[in-house]
Amino acid sequence: MTNIVLFGKPGAGKGTQAEFLKGKYNLTHLSTGDIFRFNIKNETELGKLAQTYINNGGLVPDEVTIKMLQSEVENNPDSAGFLFDGFPRTIAQAEALDAFLATKNEKITATVALEADDEILVARLLERGKTSGRADDQDEEKIRNRYQEYNEKTAPLIGFYKEQNKFHAVNGIGSIAEITERLSNVIDNL
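Everything numeric here is computed off the predicted structure, so don't read it as measured data.

## Focus on unusual backbone geometry
Between phenylalanine 87 and the following residue, proline 88, the backbone shows a cis peptide bond with an omega angle of 0°. Note that proline 88 resides in the loop between strand E3 (81-85) and helix H5 (91-102). A positive phi angle, close to 55°, is found at asparagine 105, a residue other than glycine. When its relative accessible area of 71% is taken as the criterion, asparagine 105 is described as exposed.

Next up, the structure:
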């Protein structure tokens, strides 16, 4: 089973690239953003709780995120592997994911980070916000708050996965096809 963590700052192109990767490598795409939106739209208890954090431009607490993600993994018992998009975002989440996967005799195969300059990403998100209707993509201050949270909480994952020889950085600037090719080169050489 191949289990890949795809991460990068909001707007780095994780969702766009995940669409390609899930098909090419036959992976089940688990986007925490999509999972959150499904739970919010369907007004589940976890969805209502997540909405309060998202509205303020913050990250959803670990226990809420982990419960949602575990449920999705359990709902796909025959998967050839998982593409984790937007999770883990903290070392505590990474450790929880490792512990959960271990109960299934699985582990993370690799992590791939899409790297891009903040100013380019802010512009991308503001543009996306014009059509997505997502409030958190329409307010530059909220976007920058998300980046600050990323730098404080998610960036330490680089060291966590480097220690395990599972970290790979990919330039997230360029055409979709160029970025896809860079990602494929990493995954094909795992």
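## Observations concerning empty space enclosed by the protein
Rolled over the atoms, a probe with the dimensions of a water molecule shows which regions are left empty. In total, this model carries one cavity of 30 Å³ or more according to the counting rule given. Of the voids in this model, the largest cavity is the one considered here, and its volume is about 40 Å³. Taken together, Ile66, Leu69, Gln70, Phe87, Ala96, Leu97 and Phe100 form the lining of the largest cavity. At the level of secondary structure, the elements contributing two or more residues to the lining of the largest cavity comprise helix H4 (62-74) and H5. Of the residues that constitute the lining of the largest cavity, the class distribution is six nonpolar, one polar and no charged.

## So, the sheet that holds strand E5 (residues 167-171)
If you walk across this open sheet you meet the five strands as E2-E3-E1-E4-E5, and the pairing is parallel. On the outer flanks of this sheet lie strand E2 (28-31) and E5, each paired with one strand and no other. Ignoring strand direction, the axes of neighbouring strands in this sheet form an average angle of 20°. Note that strand E1 (residues 2-7) and strand E4 (residues 110-115) share four bridges and pair parallel. What sits directly across from isoleucine 4, in E4, is alanine 110. Contacting E1, E4 and E5, helix H9 (residues 176-188) runs over the sheet at an angle of about 160° to E5.

The rules behind these values
- Residues numbered from 1 in each chain as written.
- Predicted model: local features only at pLDDT ≥ 70, side-chain atom pairs only at ≥ 80, totals over all residues.
- Heavy atoms only, no water.
- Helix = DSSP H or I, 4+ residues; strand = E, 2+ residues; numbered from the N terminus.
- Buried < 20%, exposed > 50% of the residue type's maximum accessible area, 1.4 Å probe, protein only.
- 1 Å grid on protein atoms, 1.4 Å probe; cavity = no way out; pocket = protein on both sides within 12 Å on 5 of 7 lines; lining within 4 Å.
- Points joined across faces, edges and corners; volume = space filled by probe spheres on them.
- Nonpolar A, V, L, I, M, F, W, Y, C, P; charged D, E, K, R; others polar.
- Pairing = 2+ DSSP bridges.
- Axes fitted to C-alpha atoms, helices over the stretch in contact; angles between N-to-C directions.
- Contact = heavy atoms within 4.5 Å.

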